[in-house]
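Each chain, letter by letter, is given below.
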Amino acid sequence: MNFREVPIEKVKSFWDSRPCNIRHSPAQIGTKEYFDQVEWRKYFVEPHIPKFAQFEKWKGKRVLEIGCGIGTDTINFARAGAFVTAVDISTESLKIARKRAEVFGLQDRISFYEADAERLSEFVPAEPFDLVYSFGVIHHSPHPEKIIEQIRNFYVKSGSTLKIMVYNRYSWKVFWILVKEKGKFWKLDEIIAKHSEAQTGCPVTYTYTKKTVEELIGDGFIIEEKHVEHIFPYKISKYVKYEYEKNWYWRWMPEKFFRKLEKSIGWHLCVTAKKI
Ligand SMILES: C[S@@+](CC[C@H](N)C(=O)[O-])C[C@H]1O[C@@H](n2cnc3c(N)ncnc32)[C@H](O)[C@@H]1O
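Residues numbered from 1 in each chain as written. Predicted model: local features only at pLDDT ≥ 70, side-chain atom pairs only at ≥ 80, totals over all residues.

**Section: the overall build of the chain**
In plain terms, the rule: The way it works is that DSSP assigns letters per residue, a run of H or I at least four long becomes a helix, a run of E at least two long becomes a strand, and they are numbered from the N terminus. It is over C-alpha atoms that the radius of gyration is taken, and the globule rule equals 2.2 Å times the number of residues to the power 0.38. Between the buried cut of 20 or more and the exposed cut of 12 or fewer other C-beta atoms within 10 Å of a residue's own C-beta lies the partly exposed class, and all C-beta atoms are placed from the backbone.
For the chain, the count of helices and strands is 12 helices and 7 strands. Taking 276 residues into account, the globule formula puts the C-alpha radius of gyration at 19 Å, and the chain, at 18 Å, falls close to it. Each principal axis of the C-alpha atoms in the chain carries an extent, and together these give about 50 × 40 × 40 Å. Counting every position in the chain, which comprises 276 residues, the buried fraction comes to 39%.

Right, dumping it as C-alpha coordinates:
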(Lines give C-alpha, C1' and ligand atoms only; values in the text may rest on other atoms or scores of the structure.)
Protein backbone atom coordinates (compact mmCIF):
# COMPACT_ATOMS: atom_id res chain seq x y z
CA MET A 1 0.00 0.00 0.00
CA ASN A 2 1.36 3.37 -1.01
CA PHE A 3 0.00 6.08 1.29
CA ARG A 4 1.64 8.76 -0.86
CA GLU A 5 -0.88 8.08 -3.62
CA VAL A 6 -3.96 8.48 -1.42
CA PRO A 7 -5.93 11.59 -2.52
CA ILE A 8 -6.28 14.16 0.27
CA GLU A 9 -10.07 14.17 -0.33
CA LYS A 10 -10.15 10.60 0.94
CA VAL A 11 -8.42 11.68 4.16
CA LYS A 12 -10.86 14.53 4.60
CA SER A 13 -13.91 12.37 3.99
CA PHE A 14 -12.72 9.74 6.51
CA TRP A 15 -12.42 12.34 9.29
CA ASP A 16 -15.65 14.06 8.24
CA SER A 17 -17.52 10.79 8.48
CA ARG A 18 -16.37 10.33 12.08
CA PRO A 19 -14.51 13.19 13.72
CA CYS A 20 -11.90 12.01 16.17
CA ASN A 21 -13.33 11.32 19.68
CA ILE A 22 -16.85 12.32 18.62
CA ARG A 23 -18.27 9.40 20.65
CA HIS A 24 -16.34 10.24 23.78
CA SER A 25 -19.64 11.23 25.37
CA PRO A 26 -23.25 9.99 24.99
CA ALA A 27 -24.59 13.50 25.70
CA GLN A 28 -25.97 15.73 22.97
CA ILE A 29 -23.19 17.01 20.73
CA GLY A 30 -22.56 20.71 21.17
CA THR A 31 -23.68 20.97 24.80
CA LYS A 32 -21.38 21.89 27.69
CA GLU A 33 -22.09 18.51 29.24
CA TYR A 34 -20.93 16.80 26.03
CA PHE A 35 -17.69 18.77 25.84
CA ASP A 36 -16.90 18.26 29.53
CA GLN A 37 -17.39 14.52 29.17
CA VAL A 38 -15.29 14.35 25.99
CA GLU A 39 -12.45 16.09 27.78
CA TRP A 40 -12.74 13.95 30.88
CA ARG A 41 -12.61 10.72 28.87
CA LYS A 42 -9.75 11.85 26.62
CA TYR A 43 -7.46 12.81 29.47
CA PHE A 44 -8.55 9.81 31.56
CA VAL A 45 -7.52 7.39 28.81
CA GLU A 46 -4.57 9.51 27.61
CA PRO A 47 -3.29 11.22 30.77
CA HIS A 48 0.07 11.93 29.15
CA ILE A 49 -1.48 14.59 26.86
CA PRO A 50 -1.71 17.47 29.38
CA LYS A 51 1.82 16.64 30.56
CA PHE A 52 3.12 16.73 27.00
CA ALA A 53 1.21 19.83 25.90
CA GLN A 54 2.01 21.81 29.11
CA PHE A 55 -1.02 24.03 28.52
CA GLU A 56 -0.16 26.53 31.32
CA LYS A 57 3.29 27.16 29.89
CA TRP A 58 1.78 28.87 26.82
CA LYS A 59 -0.20 31.57 28.64
CA GLY A 60 0.04 34.79 26.62
CA LYS A 61 1.89 32.96 23.82
CA ARG A 62 0.91 32.21 20.24
CA VAL A 63 0.08 28.60 19.52
CA LEU A 64 -0.54 27.00 16.11
CA GLU A 65 -2.36 23.69 16.40
CA ILE A 66 -2.32 21.52 13.30
CA GLY A 67 -5.13 18.97 13.19
CA CYS A 68 -7.26 20.24 16.08
CA GLY A 69 -10.07 17.72 15.51
CA ILE A 70 -13.03 18.58 17.76
CA GLY A 71 -10.79 20.85 19.81
CA THR A 72 -10.06 19.23 23.16
CA ASP A 73 -6.44 20.43 23.34
CA THR A 74 -7.33 23.65 21.51
CA ILE A 75 -9.72 24.66 24.27
CA ASN A 76 -7.17 23.87 26.94
CA PHE A 77 -4.50 26.03 25.32
CA ALA A 78 -7.01 28.89 25.07
CA ARG A 79 -8.30 28.37 28.61
CA ALA A 80 -4.74 28.56 29.88
CA GLY A 81 -4.39 31.97 28.21
CA ALA A 82 -2.76 31.22 24.84
CA PHE A 83 -3.78 32.84 21.53
CA VAL A 84 -4.54 29.87 19.35
CA THR A 85 -4.69 29.34 15.60
CA ALA A 86 -6.31 25.96 15.04
CA VAL A 87 -6.36 24.14 11.71
CA ASP A 88 -8.03 21.00 10.44
CA ILE A 89 -8.96 19.56 7.09
CA SER A 90 -12.25 18.17 8.38
CA THR A 91 -15.26 20.49 8.03
CA GLU A 92 -17.31 18.38 10.44
CA SER A 93 -14.61 18.38 13.13
CA LEU A 94 -14.22 22.12 12.85
CA LYS A 95 -17.96 22.68 13.23
CA ILE A 96 -17.80 20.96 16.62
CA ALA A 97 -14.55 22.69 17.64
CA ARG A 98 -16.02 26.11 16.78
CA LYS A 99 -19.15 25.35 18.78
CA ARG A 100 -16.93 24.30 21.67
CA ALA A 101 -15.10 27.64 21.64
CA GLU A 102 -18.50 29.38 21.70
CA VAL A 103 -19.86 27.27 24.56
CA PHE A 104 -16.83 28.12 26.71
CA GLY A 105 -16.69 31.78 25.63
CA LEU A 106 -13.23 31.39 24.10
CA GLN A 107 -13.99 32.46 20.51
CA ASP A 108 -11.86 35.57 20.87
CA ARG A 109 -8.77 33.53 21.66
CA ILE A 110 -9.05 31.00 18.83
CA SER A 111 -8.92 31.47 15.04
CA PHE A 112 -10.07 28.39 13.19
CA TYR A 113 -9.03 27.54 9.63
CA GLU A 114 -10.15 24.72 7.38
CA ALA A 115 -6.97 23.75 5.55
CA ASP A 116 -4.82 20.96 4.24
CA ALA A 117 -1.71 21.31 6.38
CA GLU A 118 0.45 20.12 3.48
CA ARG A 119 -0.41 23.48 1.82
CA LEU A 120 -0.94 25.47 5.00
CA SER A 121 0.57 28.75 3.79
CA GLU A 122 -2.12 28.96 1.08
CA PHE A 123 -4.71 29.27 3.87
CA VAL A 124 -3.09 30.59 7.05
CA PRO A 125 -1.04 33.82 7.02
CA ALA A 126 2.65 33.07 7.41
CA GLU A 127 3.90 34.32 10.78
CA PRO A 128 5.98 32.80 13.54
CA PHE A 129 4.36 31.05 16.50
CA ASP A 130 5.84 30.33 19.92
CA LEU A 131 4.51 26.78 19.78
CA VAL A 132 3.48 24.59 16.85
CA TYR A 133 1.56 21.63 18.25
CA SER A 134 0.21 18.64 16.40
CA PHE A 135 -1.05 15.59 18.25
CA GLY A 136 -1.78 12.46 16.22
CA VAL A 137 -2.16 14.20 12.87
CA ILE A 138 0.91 14.32 10.66
CA HIS A 139 1.01 10.54 10.23
CA HIS A 140 -2.51 10.65 8.73
CA SER A 141 -1.52 12.89 5.84
CA PRO A 142 -0.21 11.38 2.58
CA HIS A 143 2.98 13.51 2.64
CA PRO A 144 3.92 14.22 6.28
CA GLU A 145 7.22 15.82 5.25
CA LYS A 146 5.30 18.57 3.42
CA ILE A 147 3.59 19.56 6.69
CA ILE A 148 6.96 19.80 8.44
CA GLU A 149 8.29 21.80 5.52
CA GLN A 150 5.39 24.24 5.85
CA ILE A 151 6.05 24.62 9.57
CA ARG A 152 9.78 25.12 9.04
CA ASN A 153 9.41 27.65 6.21
CA PHE A 154 6.46 29.73 7.41
CA TYR A 155 5.43 29.29 11.06
CA VAL A 156 8.50 29.21 13.31
CA LYS A 157 11.36 31.51 14.23
CA SER A 158 14.52 30.81 16.15
CA GLY A 159 13.49 29.61 19.63
CA SER A 160 10.00 28.41 18.61
CA THR A 161 8.94 25.04 20.00
CA LEU A 162 7.55 22.18 17.96
CA LYS A 163 5.61 19.43 19.71
CA ILE A 164 4.33 16.51 17.69
CA MET A 165 2.94 13.08 18.43
CA VAL A 166 3.18 10.38 15.79
CA TYR A 167 2.46 6.67 16.10
CA ASN A 168 5.22 4.36 17.28
CA ARG A 169 6.03 1.42 15.00
CA TYR A 170 7.62 -0.72 17.71
CA SER A 171 4.57 -0.75 19.91
CA TRP A 172 2.14 -3.05 21.68
CA LYS A 173 -0.60 -1.72 19.40
CA VAL A 174 1.24 -2.83 16.24
CA PHE A 175 1.91 -6.23 17.83
CA TRP A 176 -1.81 -6.52 18.71
CA ILE A 177 -2.80 -5.59 15.14
CA LEU A 178 -0.44 -8.24 13.77
CA VAL A 179 -1.99 -10.87 16.04
CA LYS A 180 -5.51 -9.77 15.05
CA GLU A 181 -4.57 -9.98 11.36
CA LYS A 182 -2.92 -13.39 11.74
CA GLY A 183 0.63 -12.16 11.28
CA LYS A 184 0.30 -10.51 7.84
CA PHE A 185 3.56 -8.61 8.33
CA TRP A 186 4.01 -8.18 4.56
CA LYS A 187 0.89 -5.97 4.66
CA LEU A 188 1.90 -4.24 7.86
CA ASP A 189 1.23 -0.62 6.81
CA GLU A 190 -2.14 -1.59 5.37
CA ILE A 191 -3.30 -3.47 8.47
CA ILE A 192 -2.04 -0.74 10.80
CA ALA A 193 -4.09 1.84 8.89
CA LYS A 194 -7.09 -0.49 8.97
CA HIS A 195 -7.05 -0.72 12.77
CA SER A 196 -5.30 2.42 13.96
CA GLU A 197 -8.47 4.41 14.78
CA ALA A 198 -11.80 3.88 16.52
CA GLN A 199 -13.40 3.57 13.10
CA THR A 200 -11.74 0.98 10.84
CA GLY A 201 -10.24 1.82 7.46
CA CYS A 202 -8.21 4.99 8.02
CA PRO A 203 -6.80 5.81 4.54
CA VAL A 204 -3.34 6.86 5.79
CA THR A 205 -1.50 5.89 8.97
CA TYR A 206 2.28 6.00 8.91
CA THR A 207 4.25 4.76 11.90
CA TYR A 208 7.67 5.98 13.03
CA THR A 209 10.62 4.96 15.13
CA LYS A 210 12.66 7.34 17.27
CA LYS A 211 15.13 7.50 14.39
CA THR A 212 12.69 8.01 11.52
CA VAL A 213 10.75 10.73 13.36
CA GLU A 214 14.03 12.64 13.71
CA GLU A 215 14.55 12.29 9.97
CA LEU A 216 11.00 13.56 9.41
CA ILE A 217 11.58 16.68 11.50
CA GLY A 218 14.87 17.19 9.69
CA ASP A 219 17.09 20.25 9.48
CA GLY A 220 16.67 23.45 11.40
CA PHE A 221 15.40 21.90 14.64
CA ILE A 222 17.14 20.48 17.70
CA ILE A 223 15.31 17.57 19.25
CA GLU A 224 14.96 18.39 22.93
CA GLU A 225 13.09 15.34 24.06
CA LYS A 226 11.36 12.25 22.69
CA HIS A 227 9.58 9.47 24.48
CA VAL A 228 6.79 6.96 24.00
CA GLU A 229 3.56 6.68 25.97
CA HIS A 230 0.17 5.01 25.95
CA ILE A 231 -1.06 1.47 25.93
CA PHE A 232 -4.85 1.22 25.75
CA PRO A 233 -5.71 -1.33 28.47
CA TYR A 234 -9.52 -1.45 28.42
CA LYS A 235 -11.95 -4.02 27.03
CA ILE A 236 -13.42 -2.45 23.88
CA SER A 237 -16.84 -4.07 24.51
CA LYS A 238 -17.05 -2.17 27.83
CA TYR A 239 -15.30 0.99 26.64
CA VAL A 240 -17.93 1.67 23.99
CA LYS A 241 -20.48 1.60 26.82
CA TYR A 242 -18.42 4.11 28.85
CA GLU A 243 -17.23 1.45 31.28
CA TYR A 244 -13.57 1.03 32.05
CA GLU A 245 -12.63 -2.58 32.72
CA LYS A 246 -9.09 -3.60 31.90
CA ASN A 247 -8.29 -6.72 29.90
CA TRP A 248 -7.25 -9.59 32.18
CA TYR A 249 -3.62 -9.50 31.08
CA TRP A 250 -3.30 -5.85 32.18
CA ARG A 251 -5.42 -6.20 35.31
CA TRP A 252 -2.91 -8.34 37.18
CA MET A 253 -0.01 -6.08 36.31
CA PRO A 254 1.15 -3.61 38.96
CA GLU A 255 0.51 -0.01 37.85
CA LYS A 256 4.21 0.84 38.11
CA PHE A 257 5.17 -1.97 35.75
CA PHE A 258 2.40 -1.05 33.31
CA ARG A 259 3.67 2.56 33.19
CA LYS A 260 7.18 1.30 32.47
CA LEU A 261 5.88 -0.83 29.64
CA GLU A 262 4.03 2.18 28.20
CA LYS A 263 7.32 4.06 28.14
CA SER A 264 8.95 1.37 26.02
CA ILE A 265 6.21 0.02 23.73
CA GLY A 266 3.55 2.72 23.91
CA TRP A 267 1.67 3.84 20.77
CA HIS A 268 2.34 7.57 21.04
CA LEU A 269 5.79 8.79 20.08
CA CYS A 270 5.97 12.31 21.51
CA VAL A 271 8.69 14.66 20.33
CA THR A 272 9.62 18.17 21.43
CA ALA A 273 12.01 20.14 19.23
CA LYS A 274 13.30 23.69 19.15
CA LYS A 275 13.89 25.80 16.04
CA ILE A 276 17.51 26.80 15.78
C1 LIG B 1 -6.50 11.40 15.16
S2 LIG B 1 -7.23 12.95 14.82
C3 LIG B 1 -6.46 13.95 16.07
C4 LIG B 1 -7.25 15.18 16.39
C5 LIG B 1 -6.73 15.98 17.59
N6 LIG B 1 -5.35 16.40 17.41
C7 LIG B 1 -6.88 15.19 18.86
O8 LIG B 1 -5.86 14.77 19.46
O9 LIG B 1 -8.03 14.96 19.28
C10 LIG B 1 -6.41 13.45 13.32
C11 LIG B 1 -6.89 14.79 12.79
O12 LIG B 1 -5.97 15.21 11.75
C13 LIG B 1 -6.70 15.85 10.73
N14 LIG B 1 -5.87 15.82 9.51
C15 LIG B 1 -5.41 14.74 8.85
N16 LIG B 1 -4.69 15.11 7.77
C17 LIG B 1 -4.70 16.48 7.75
C18 LIG B 1 -4.14 17.46 6.88
N19 LIG B 1 -3.41 17.13 5.81
N20 LIG B 1 -4.36 18.76 7.17
C21 LIG B 1 -5.10 19.14 8.24
N22 LIG B 1 -5.65 18.25 9.10
C23 LIG B 1 -5.45 16.94 8.87
C24 LIG B 1 -8.00 15.04 10.66
O25 LIG B 1 -9.02 15.74 10.03
C26 LIG B 1 -8.26 14.76 12.15
O27 LIG B 1 -9.09 15.73 12.72
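**A closer look at the pairing of strand β7 (residues 268-275)**
Quick reminder of the rule: When DSSP finds at least two bridges between two strands, those strands are taken to pair.
With 7 bridges connecting them, strand β5 (residues 161-167) and β7 associate as antiparallel partners. Its bridge partner lying in β7, I164 is registered against V271.

**Overview of the site of the ligand**
Keep this limit in mind: Should the C-beta atom of a residue, placed from the backbone, lie within 6 Å of a molecule or strand, that residue is near it. Amino acid classes used here: Ala, Val, Leu, Ile, Met, Phe, Trp, Tyr, Cys and Pro are nonpolar; Asp, Glu, Lys and Arg are charged; the rest, including Gly, are polar.
Surrounding the ligand, one finds 22 residues, the nearest of these being W15, C20, G67, G69 and A117. If you list the elements that add at least two residues to the shell around the ligand, you get α1 (8-17), α4 (72-79) and β2 (83-88). When the residues that make up the shell around the ligand are grouped by side-chain class, the tally is 9 nonpolar, 9 polar and 4 charged.

**A short note on helix α2 (residues 32-45)**
To keep things clear, this is the line we draw: The length a helix should cover is 1.5 Å for every residue beyond the first. Arc definition: it is the arc formed by the directions from the helix axis to the C-beta atoms. Note on contacts: each residue gets a C-beta atom placed from the backbone, and two residues are in contact if those atoms are within 7 Å.
The end-to-end C-alpha separation of α2 is 20 Å, in line with the 20 Å expected for 14 residues at 1.5 Å each. When α2 is considered as a whole, its buried residues turn out to be Y34, F35, V38 and K42. Looking straight down α2, one finds that the buried residues subtend no more than 95° of arc, so they occupy a single side. Set apart from the buried face of α2 by more than 90 degrees, the exposed residues are K32, W40 and F44. Buried residues belonging to α2 abut α4 and α5 (91-103).

**Description of the sheet that holds strand β4 (residues 131-135)**
Convention followed: Angles here are taken between N-to-C directions and fall from 0 to 180 degrees, while the axes themselves are lines fitted to C-alpha atoms, restricted in helices to the stretch in contact.
On the basis of which strands lie adjacent, the open sheet formed by 7 strands has the order β3-β2-β1-β4-β5-β7-β6 and mixed pairing. Single-partner strands in this sheet number two, and they are β3 (110-114) and β6 (221-229). When the angles between neighbouring strand axes are averaged without regard to direction, this sheet yields 15°. As judged from the 8 bridges shared by β6 and β7, these two strands associate in the antiparallel manner. When the sheet's bridge partners are listed, K226 is paired in β7 with V271.

**Things to note about unusual backbone geometry**
Positioned with a positive phi, N21 is a non-glycine residue whose angle comes to about 70°. Note on placement: N21 falls in the loop between α1 and α2. Of note, the phi angle at H230 is positive, near 85°, even though the residue is not glycine. For H230, the location among the structural elements is in the loop between β6 and α10 (236-239).

**Focus: the packing of helix α7 (residues 172-180) against helix α8 (residues 188-195)**
Defined as follows: Orientation labels follow simple angle bins: below 35 degrees gives roughly parallel, above 145 gives roughly antiparallel, 65 to 115 gives roughly perpendicular, and whatever is left gives oblique.
Relative to each other, α7 and α8 sit at 100°, their axes nearing to 10 Å. Considered as vectors, α7 and α8 are oriented roughly perpendicular to each other. For the pair α7 and α8, contact is made by V174, I177 and K180 and by I191, I192 and H195, respectively. Of the residues that constitute the contact of α7 with α8, the class distribution is 4 nonpolar, 1 polar and 1 charged.

**Brief notes about helix α6 (residues 144-155)**
The first and last C-alpha atoms of α6 sit 16 Å apart over 12 residues, in line with the 16 Å expected at 1.5 Å per residue. All of the buried residues in α6 are P144, I147, I148, Q150, I151 and Y155. The arc that holds every buried residue of α6, seen down its axis, measures 155°, which confines them to one face. The elements touched by buried residues of α6 are β1 (62-66), β4, β5 and α9 (210-217).

**Here's the deal with the pairing of β4**
So the rule is basically this: Place the viewer so that the strands point away; then a crossover is right-handed whenever the path from the first strand over the helix to the second strand goes clockwise.
Most of β4 sits out of view: 5 of its 5 residues are buried. Judged by which residues are buried, β4 turns out to be covered on both faces: L131, Y133 and F135 on one side and V132 and S134 on the other are all buried. Sheet topology places β1 next to β4; 3 bridges connect them, and they run parallel. Residue pairing for β4: E65 is matched across the bridge by Y133. The pairing of β4 with β5 spans 5 bridges and is classified as parallel. Within the sheet, the bridge partner assigned to Y133 lies in β5 and is K163. Running through α6, the crossover from β4 to the neighbouring parallel element β5 is right-handed.

**Looking at the environment of V6**
Position of V6 among the secondary structure elements: in the segment before α1. Here the alpha-carbon distance between V6 and P142, two residues 136 residues apart in the chain, equals 6.2 Å. The residues touching V6, leaving out its near neighbours within four places in the chain, are V11, P142, P203 and V204.

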